Each structure stands twice: as structure tokens, then as C-alpha cells.
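Take a look at the letters that make up each chain.
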Amino acid sequence: MRNALLLLGLFSLRAVASDAADAEFFETRVRPVFAEHCYRCHSTASESMKGGLRLDTRAGIVKGGDSGRVLTPSKPAESLLLKAIKHEDSVESMPPSGKLPVQAIADIEEWITRGAAVPESPAKTGVDLAAVARSHWAFQPIPRPDLDVSIDAIVRKKLAATGLDHSPAADKRTLLRRVYYDLIGLSPTWDELRAFEADASPEAYSKAVDRLLASPRYGERWGRHWLDVARYSDTKDGVLQYGEDRLRPFAYTYRDYVIRAFNDDVPFDQFVRDQLAADQVRTNAQSWRLAAMGFLTLGRGFDNNVHDVIDDRIDVVTRGLLGLTVSCARCHNHKFDPVPTADYYSLYGVFAACEVPLVLPLLDPAAKGPAEYEKKYAEAIAGIRKMQDQQYAFLLEVYRSRVEDYLVRIATTKPDPVETAIFFFSFAPDELRPPLVGRWRQHLAKEAKPGHPVFGPWKVLLAVPDEQFAARAREILKSLPRASLNPLVFDALHAKPLNSKADVAKAYGALLKSLHDRAKVLPPAPMNAAELELLSLFEGPDGPGYFPKNQTQHFMSRGEADAFGGKLQKLDKLAVKEAAAPARAMALADLPDRRDPQVFIRGNPSNRGAAVPRQFIGVIAGPDRKPFPNGSGRLDLANAIVDDRNPLTARVLTNRIWMHHFGEPLVDTPSDFGLRTVRPLQLELLDFLAGSLKADGWSLKKLHRRIVLSETYRQSSRDSTAGREKDTENRYLWRANRRRLDFEAMRDSLLAASGRIDYTLYGRSTEIANNPTNRRRTVYGLVDRQSLPGVFRSFDFANPDQSVERRPTTTVPQQALFALNSPFVIEQAKALATRSDVDAALDPAAKVRALYRLALSREPQEGEIASALKFVNGLDPNGKLSPWGQLAQVLLITNEFLFVD
């Protein structure tokens, strides 16, 4: 029995290929930095290749420049590139204008540490990605399934070509334990196993499956799988979020929605619509579905960088539901898939046209919390709205009144990087707001072109060198055609001599300010057509003198911004402290001000290109795609994702479900079905299951039932020499795969064996990592994005910072140390040893039998009873754990307990 402790090699090791992840890291975290900060001097687009270094191709990065190789893979300290961007004294600093953002430097250092993967783009080799996509397996229509054909017939056809066949069926105990863990994440009890083994009817197994699918535990198990994809977390991120401030008090409502949706077998197409646009499809009878939009809103906050927030939403939607890495097209056309940058910004426009409301909607509009709480909450909301209204009116007025100062800044200075930043700490009350300077620059870059009736002269005059300005300006003014210009602009530019570029800015600014001052007088003075044209251009929804109210916080001075943030935080604190606070949905709402998005050239928001419509991805929608007609387009996007003509969604979902039943997916990269993903060996099986899913009305329970009732699923996991020789990785499915319990199933099984598990459904998340007495199922444990507990990381819990396609399975010493020493395991061992079933057995051998039944759901063999009694009798009765408690702990940490065959 002492040797059972050696079974703490209880965790099998499976290496997960990292090539795709490393390539994605480069494309999403490193190449965008190169594109924004380096390509102007180190790419084919640069006027002269500085230092002979080219960073826009794999060959160029590997070759290096005039100084030799610029990086040493896996050795950042030896890499010249890293030294240069860190501005170390030993090398020339890059970029010379100033250091890169801290996060950009950290990303490049991590990229080098990971081996400096630089995937070569097929586009660089002249491959027509769109043409390749037309024949790529993942983009082909899913054949209509013949439901008279079975999973087993498809699998056996493949097996026959190898000379293999199915393994014998698993014994009844092994099979029932397997399907229990797969469907509800818990082991069957001793009584349930005995009843199943005693039932000789052909329907015994199917009845057990139906019972499990009807159990509320099913939604908890499969809901947690989806939460990995949805990058669920109960907390915010950011350097200033600590203690209660870090909690999102209503994040749990999304988790509860997912569990309930799985339990209710909400069709997956409806599940998708709920998550993207529940505010547009819900009914009064199903207001609980409003919480589904946490799928979009529970990602990272990125220190209020709205562009990164939107990128995160695009990523979770496209990788999670479509198996496409669309975010790689943020700064350039996708290097590997036919996803142009324009398609990325079409989706960007969908999410830019909506926002998280200041006050989250109630799931039940009639719900009320305690009177004192409701009073404080209403007062806090009123304070937020009042301050926003006051600051919006004040900041908009100051912005418009100081138009001359803004234009002088633009005319006399070069663009500043902070003009495109989102998060600020240093606004003084009288300081020009850099983002608003940037807003003016973007407008002038778009409108100030020869022939423009208002800003045409601006473009021509500001192109004159400073030393020639006075003389050249007079000549330009003489040549201006009055008939093609707004007469007010013509007169303003001729009113005073223009001796500098600042004088041009002052002339425009004084004119616009005079119109603004006239318009704000009540009642306003009548204006002619020329005046109305200028005022509308300046202050209209598309004008540079306007910003929407929801952006007010970005332009506040530091003191006001801190105060406003404090008011928002107060709402969360009130809800965190009040356990009876009525549930609210982590929702989105469409903005009333919606304009077509523009492409950000090289991902730079201050360098805007052509406008694009909000529409679906071209490679899926086809050449006849139409712009989304409804609001922000979220519901249109959801409908496109689950449209019958889109083959990706059903394939991606089916692959994820198969992976959780068999331990390995049919497609190795569950979140990437792009052109680099090779045709899966079992494509016929994947398509049969995807087609049957759709034919069954997108019912997940029917798909589970189809899979677990198959002979393929019910095989033994026993190895064979022939199978090993012909198919080492079991790609042909000639046996079941032995699997280790994941963190949730392991912890829940320990609680169930001890008799202490709390089966309460739903509710707020609770601390489980540091509370050994917490009895809730693990799915209800608090997930802290900013500080994921060590035990979560040790047992390969999903990283909540991003959509996770599959968890790694590692073997590390911390796992064994947890099993041996953690207060949680010791608590369960104590409880197991003192359960009434055990305590009531006066005979020591009977106690051993009771422990085996409760922990392992089986009878011990005679030799095991003898070993157990010898083990117990040889222990110090005064130890931290009683001898029987130590025996209970040994059983709870054996391979038999922690693996599923």
C-alpha cells in the first residue's frame, strides 16, 4: 500500500505542439509592432533600407543587417535587436525617436525566448490564398448526412484499410465511469455502479446516458468547457485593480447563463445569437438570456484601450466560433489565410458601434435588492450620469472654443504618438487633449485635398516650406478660385497677411469659432448656406469638432477622470458587498452614432484608409455578400456565423465536442481551421457529425448521445502491439484513450468521495483556491484573471486572458505536492475516513471495503485488504491524519482515482 504513494506519477505527459501558437504570437504581438514602428526604415516600403536590415520577411530577419545577425533564438540577452529596442548603450537605439511601449518590448523579448519563430507567408511566395481557399477542405460545404450510417461504420471503413479493428468493448464499470466523467464530470457512486452492472437489459447503458444528459450536473460540466473558449474570468485586469476593486460583481451571470443553456439544450445557433445579440433577440419570458453577452464583454480591459478591446472581441468570436485567426489581419492582410485587412475592419465596425452601458441592465426588471442598497445604487447612478453630462457639455464647449489653438498645434508640430493613445494620467485642465488633436489631424488628412471647398487651401498652404512661406502664400492666395471655395473661407484667408503656417491656422480657427459662438446663442441668429455648411462640417457627427458622449471619460482632466472612475467603481463595490444585489447582465448596447469603419493602415488608428462596410468575412460569405443592415450588425453577424452556407461553425463545434469525449480532437488545432491546417484523417467522420448536428436542430445533447452510444466510444483503452505498430497516435480510433482528470473533475471527485460536495446551482463565484473548506463545485470557483491561483496553473487550468482551444496536460512536481500536502486534500481525506459508511463498520476489513467503495466505486481484492490493514497498523495513531485518514488519502491520490480508462 505504501507503493500507492508512488502512483503520484498519476499524471501522464502529453507534449502539445507549439508551432502554431508561436506563429500566432508573432503575427498578433510582434509583426504589428514591426509594422507600426520599424517598416518605414526596414522593409521594401522604406525609401532606403537602413543598416541593410529588412524586418518584413522571414529571410530578412534571419539574415540580419550590416552589423550581422540581429537575434539569437531562445537567447534574448544575446540578441542585438532586443538591445537596440531597449536602448542599451552598447548598440544604436531603435527606434531613434524614442523607446517602444513597455508591452511591445516585453512581447519581442518573449518572442525571442520562445525561439523567434518567423513563419513565411504564402502571400510572399506568390500563392493566391483566395484560390487555395476555394479548394481547402474546411471551406467546403458539409455533405448532407445519411443518418442511417453510423459513426462506427465510418470508423471501421478507415480501420479496415490499415488491417485494424475496434478493440473489445470496455467492461461495464469502466464504461459507466467514463461516460459519467464525460457528461457530468463526476464518478458514479458504488450504488449506481452496482445497479448498472446488475441491469442485463440492452437499454441499460442508453438509459444511463439519458439520465446523465438530463442531470443539472451536465450543464456544469459542459458549460465549463465553453468557458475556456469564452476566456471567462470573474475579475478585471489592470495595474490599479486590487482586492474588491478587481471583482466584476455580475460576471457570474454569464457563467450561469452558459450552464443553464447547456442544461436546457438551447440549440447552438440560438446560443450564438444570444451571445452576440441577446438584447435584440430575447423575449420577456426568457430575459435570463440577456446575460449571454458576457461572451463579448468579459475579456480584458487593456487599460481602456478600445482598439485592443475590440480586437479581443473579434478574436474570441472568430477563433471560438469559426476557427479562423482573423485578428492576424489587424495590421496587414492575413499572411496565411484569405482574410484581408478590410474584412478585419468590417468586423471592427460591428463592435465599435456598440458599448457596455454605464448601468448594466437587470436580468429581471422587477427584481429589487434591500431598500438601503437600492437607495445607494440609485444615488450612485445619478451621480455618474450627472457628472458625465456636465463634463461632456464642458469639454465639448472648451474643445470647440479653442479650435484656433488646436489648429495652430496641428499646423506647427508633427504628429505626437500620444495623439493615438487611449489611456492618460497627465491631462491638466487647460491642456489641449492629444486625442482631439489627433481627431483633427485625421479629419484634415482625409478632407484637406486640392479642390475641397473648405480645406483645399489648407493642404496647399501647409505644403510650403517655412522659409518661403510669406512670398509663396501671397501667390497661392491670388490663384485661389473664389467660385469653387466656401466664400467665408476665401474671405478669412484674405482678411490678414499670412506670414506663417500659424496664421493659416488662426484664420481657419477664428472663422470656425465665430460660427460656434453665434450658434450657441439662444435663440440662434439666422445663418446663410455657406455658414451652415461650415458649421455642419465642424460640429456635425462626422466633424472634427464633435465626439460622442460615451467617449467623455477619455478627455477629462486627471482629477475629473479619477473621480469619474471612482464613481463607476463605487457601483461595483456596492454590488460586491451586497449579497442580495439583483443580478445584472454583462451586456452590450448599440450606439446611436454608427458610421462605417475605416481601415487603420498598419493598425495605426491615426492613419486611416478607406471606409469599409460592416459585413461578414468574404471567404465565407462569397462575392455576393451584403453589408449588415441592422444597427451595429451584431445580430446579422450571429446569423451569418450559423447560416447553413457557412461550413465552419458546425465543424469547429463538433471538433471541440469530440475532443472532450476522446481526449484528442479530429482537427489538431481546434481554433484554427485555416489554410495551414491539413486535411484531417477523419474528415468523413467530422462532416458526418457536423451534418447530423445541424440536422438535429443544433442540439448538443443529441450529438453527445450519438457519440457516447457508439461502439467507437465504448471500446476498451487497452493497448495492443498491432495497434501500436500501425497507428501509434490512435488516429484511426482503434481503442479509447486513457485520460487524466482535469482540475475541475479532480477537485469535484475529491469532494464527492468525502461526501461534502455542495450541489447548489448557480450564484456568485466563491474563493476555492485558498479555502479548503469550500464545498462548491469547481465551476463556481472564482477565476482571477490578474492573479490566477497557483493550484489552477499547476493543474493546467485555461488561461483566462484569451480564448483557449485546448488545455495542455503537464506533469510537474507541484501536482504531487498538492496531492500530498494541500489542506484541501487532507480535509477530504479526513471527511472520507469519518463518513458514516466507514465509521459504522467496526470490522477493520469492512472499513477498508467501505473506503474502496466510496473512493474507487469497487470492492477491494483480498490482497488489497491485507495491504491496507498492514499499512494502517504500521502508522502513528497521533499523526496529523489518523491512520484511516492516511489510507483514505492514499486511495484519493492513486492513478485509479485520477485517471479515466
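The paragraphs below set out a description of the structure included in this document. Not measured: the values here are computed from a predicted model.

1. Section: the environment of Arg 114
Okay, step 1: Relative to the helices and strands, Arg 114 is located in the loop between helix H4 (102-113) and helix H5 (129-135).
Okay, step 2: Sequence-wise, Arg 114 and Pro 76 are 38 residues apart; in three dimensions their C-alpha atoms are separated by 9.5 Å.

2. Re unusual backbone geometry
Peptide bonds are trans in most cases, and residues, glycine excluded, mostly fall at negative phi.
Okay, step 1: A cis amide bond links Met 94 to the next residue, Pro 95, at an omega of -10°.
Okay, step 2: Here Pro 95 shows up in the loop between helix H3 (80-85) and H4.
Okay, step 3: One non-glycine residue, His 87, lies in the positive phi region at around 60°.
Okay, step 4: Mapping His 87 onto the fold places it in the loop between H3 and H4.

3. Quick notes on the environment of Ala 208
Okay, step 1: Mapped onto the elements of the fold, Ala 208 is located in helix H9 (residues 204-214).
Okay, step 2: Look at Ala 208 and you get buried, because its relative accessible area is 2%.

4. Examining the environment of Tyr 546
Okay, step 1: You can see Tyr 546 is positioned in the loop between helix H23 (529-539) and helix H24 (552-555).
Okay, step 2: In this structure Tyr 546 comes out as buried when scored by relative accessible area, which is 16%.
Okay, step 3: Along the primary structure Tyr 546 and Ala 130 are separated by 416 residues, whereas in three dimensions their C-alpha atoms are 40 Å apart.
Okay, step 4: For Tyr 546, the residues in contact, after removing those within four places along its chain, are Tyr 392, Leu 396, Tyr 399, Arg 400, Arg 439, Phe 538, Glu 539, Gly 540, Pro 541 and Asp 593.

5. A short note on the state of the cysteines
Okay, step 1: The full count for this structure, using the stated rule, is zero disulfides.
Okay, step 2: Unpaired in terms of disulfides, Cys 41 finds its nearest cysteine sulfur in Cys 38, a separation of 8.6 Å.
Okay, step 3: The exposure class of Cys 41 is partly exposed, given its relative accessible area of 25%.
Okay, step 4: Cysteine Cys 328 is unpaired, with the sulfur of Cys 331 as its nearest cysteine sulfur at 9.9 Å.

6. Some remarks on a positive patch on the surface
Okay, step 1: A grouping of Lys 375, Lys 376, Lys 386, Lys 567, Lys 570 and Lys 577 is seen on the molecular surface, where their side chains present a positively charged patch.
Okay, step 2: When residues of the positive patch are traced back to their parent elements, those giving at least two are helix H16 (371-401) and helix H25 (558-577).
Okay, step 3: Take Lys 567: it is sitting in helix H25.
Okay, step 4: Under the relative-accessibility criterion, Lys 567 is labelled partly exposed at 31%.

About the cut-offs
- Residues numbered from 1 in each chain as written.
- Predicted model: local features only at pLDDT ≥ 70, side-chain atom pairs only at ≥ 80, totals over all residues.
- Heavy atoms only, no water.
- Helix = DSSP H or I, 4+ residues; strand = E, 2+ residues; numbered from the N terminus.
- Buried < 20%, exposed > 50% of the residue type's maximum accessible area, 1.4 Å probe, protein only.
- Contact = heavy atoms within 4.5 Å.
- Disulfide = S-S within 2.5 Å.
- Patch = residues over 30% accessible without salt bridge, like charges linked within 9 Å, V, L, I, M, F, W, Y side chains within 5 Å.
- Areas by Shrake-Rupley, 256 points an atom, 1.4 Å probe, with all protein chains shown as cover.
- Salt bridge = Lys/Arg side-chain N within 4 Å of Asp/Glu carboxyl O.
- Lys, Arg positive; Asp, Glu negative; His and termini not counted.
- Charge placed at Lys NZ, Arg CZ, Asp CG, Glu CD.

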